[in-house]
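Structural overview
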Amino acid sequence: MVLKVFFPSCCSSADSGILIGRWISEQNSAVILAVVHFPFIPVQVKQYLGEVQRLTKVSVSVLGSWSNSKQEKEESLSEFLEDLGTIFCHEPWIQISKEGDSKFWSCSTLQKHYKNPQEEEIILVYYDQRKVMLSHLHPPLDTAGQRAEDASKLSAIFDTVARSRVLFMTDRYDEGPIKLTHWQSDGVEASILVELMKQASVPACMLLTFLLSLLSGICRSRVLKFWPLSFLWSKLSTCEQLGHRLQHLQVISSNKKAQNQNQLMRKANIFVSLMIDVALGILLMSWLYRKNRIGHLADTLIPVADHVAEELQDLLQWLMGAPAGLKMNRALDQVLGRFFLYHIHLWISYIHLLSPFIEMILWYVGLSACLGLTVALCILSDIIALLTFHIYCFYVYGARLYCLKIYGLSSLWRLFRGKKWNVLRQRVDSCSYDLDQLFIGTLLFTILLFLLPTTALYYLVFTLLRLLVVIVQGLIHLLVDLIDSLPLYSLILRLCRSYRLAAGVKFRVLEQQDGKPLRLLMQINPLSYGGVVQTYRLPTYSCYPRDSWASLCKKLFLGELIYPWKHKGEKQN
């Protein structure tokens, strides 16, 4: 059999002593965690390991002995180390010795309780204890076959080192009967700023939790459930984004500790995303209020609205004539054109009525950028929706009229074929019609068929205008989704400390010689950037619809409405 010994590279220069770690019998592997130096009392070592095992839930024990011949040159040392196997009673008893300045190590096992001990091939694997403890091993995306089995074996190694964090809290400067060598034996790795931030975050989180609970209570109050507040809350993308950020703040300020690595990374990603969002919003706000840019924007808005209204009037005048040489129904064309021209007149009057207050409205709207760039973008999307409300009305009128004629023609076409739509069974059944019904159906079919080109042209023109507005809003919401869902903390961690996000390991052969154990170096393969985004991508609650092209074309052909928001209760991940 092959015995795999995972040895921390930080212990290669440690003084002689005993090896403590975990024995994984399923894999015939030993994970060395630390070296206990001489002198020590075996009873105290057993008590210490029992306390570590109680805190970490890891079966830590004495696995063997370690001899550094450069440090100890007594001939009786090897015999003494062999005798330690009878005190701690572990099978097999692993003996690792470093032969002076030689690059080859000797590693052997003792099996005293077996009558016919078998010779085992030993593989000595070096690993970076700090990187393995701080990293999080991600399973492969295709969790089937040999790769999943190998990942489960590796996860046992990573889990053993990660759960033994208490063992690494003891350094050589502690006054105690046991001296250990591990990756933190020269001093516990810590930061004063991090510790101060941890202490200061406790009252800050308590205050933030209280304010958020108060705000959540106001949002859940029955006042907001009455119309029109409930309608505005469900349709405005700004309200949706504020509710989304409120949920993020509740996750960050929660006193509940993260149960696993994924929850911890989710909190960190939300926190970094929120901080960057607010920072970008403050930069935008400082840019808007510098050099009176809001005043220039307000002065530009009215002429642009007038220009858009004039272009729409010219478009309607063109449709009321002979557009592209097409022969339209004169009466219906004039009725529809005058109807839409009257709406444009009302819209111009509405804009000029609000013109004295536009600069003040924009001034207060600019202050909302301090809540984040995403909130400012959602407000921009809502402003675009309000400024193009007349185009939306034109689209709704044209779509309803076109849809009515399409469904009327399809129903009358079934009448010609002696069919009808069965509402109860949701299918087409045969039906017999009398002469009067066929005559009236023929007249209605003829009227609708000859009026369809005029209605379809108006519907096509206003649908294209509506799609233009929806595309602009869609680009804005795609940017909002990018800021909301991008795992920025994970990407920064992948860039600066790639070993923290491990996708697997690779082994490099250090030395190989007959009669000596094979020495390998275990290196961590970091997770790819695409894998980081796929694994830690945050859920979004975008108001922009994500219909497929086939579904969108079907809606356009049948005259169904294209909404700029999602339906209530629909969550997009």
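Residues numbered from 1 in each chain as written. Predicted model: local features only at pLDDT ≥ 70, side-chain atom pairs only at ≥ 80, totals over all residues. Heavy atoms only, no water.

1. Overview of the pattern of salt bridges
Scanning the entire structure with this criterion turns up five salt bridges. One salt bridge connects Asp159 with Arg163, and the closest N-O pair in it is separated by 2.9 Å. Taken together, the positions of Asp159 and Arg163, both in helix H4 (residues 146-163) and four residues apart, correspond to about one turn of that helix. A salt bridge links Arg245 to Asp484; the nearest nitrogen and oxygen atoms lie 2.9 Å apart. Of this pair, Arg245 sits in helix H7 (residues 237-252) while Asp484 sits in helix H14 (residues 435-485), and the two are 239 residues apart along the sequence. Overall, Asp484 belongs to the buried group, its relative accessible area being 2%. By sharing partners, the salt bridges in this structure join Arg245, Asp277 and Asp484 into a single network. (Salt bridge = Lys/Arg side-chain N within 4 Å of Asp/Glu carboxyl O. Helix = DSSP H or I, 4+ residues; strand = E, 2+ residues; numbered from the N terminus. Buried < 20%, exposed > 50% of the residue type's maximum accessible area, 1.4 Å probe, protein only.)

2. Some points on the packing of aromatic side chains
Taken as a whole and assessed by the stated rule, the structure comprises 15 aromatic pairs. Centroid distance Phe340 to Phe462: 4.7 Å. Interplanar angle 70°. Geometry classified as edge-to-face. Taken as a pair, Phe340 in helix H10 (residues 330-354) and Phe462 in helix H14 lie far apart in primary sequence, 122 residues in all. One exposure class covers both Phe340 and Phe462, and it is buried. A cation over a ring is seen here: Arg494 above Tyr529, with NZ or CZ 4.6 Å from the ring centre. (Phe/Tyr/Trp six-rings, centres within 6.5 Å; stacked < 30°, edge-to-face > 60°. Lys NZ or Arg CZ within 6 Å of the ring centre and 35° of its normal.)

3. Things to note about the environment of Trp413
Looking at the secondary structure, you find Trp413 in helix H13 (residues 389-416). According to the relative accessible area criterion, Trp413 is partly exposed, its value standing at 48%. Trp413 sits 28 residues away from Gly441 along the chain, and the two C-alpha atoms are 8.8 Å apart.

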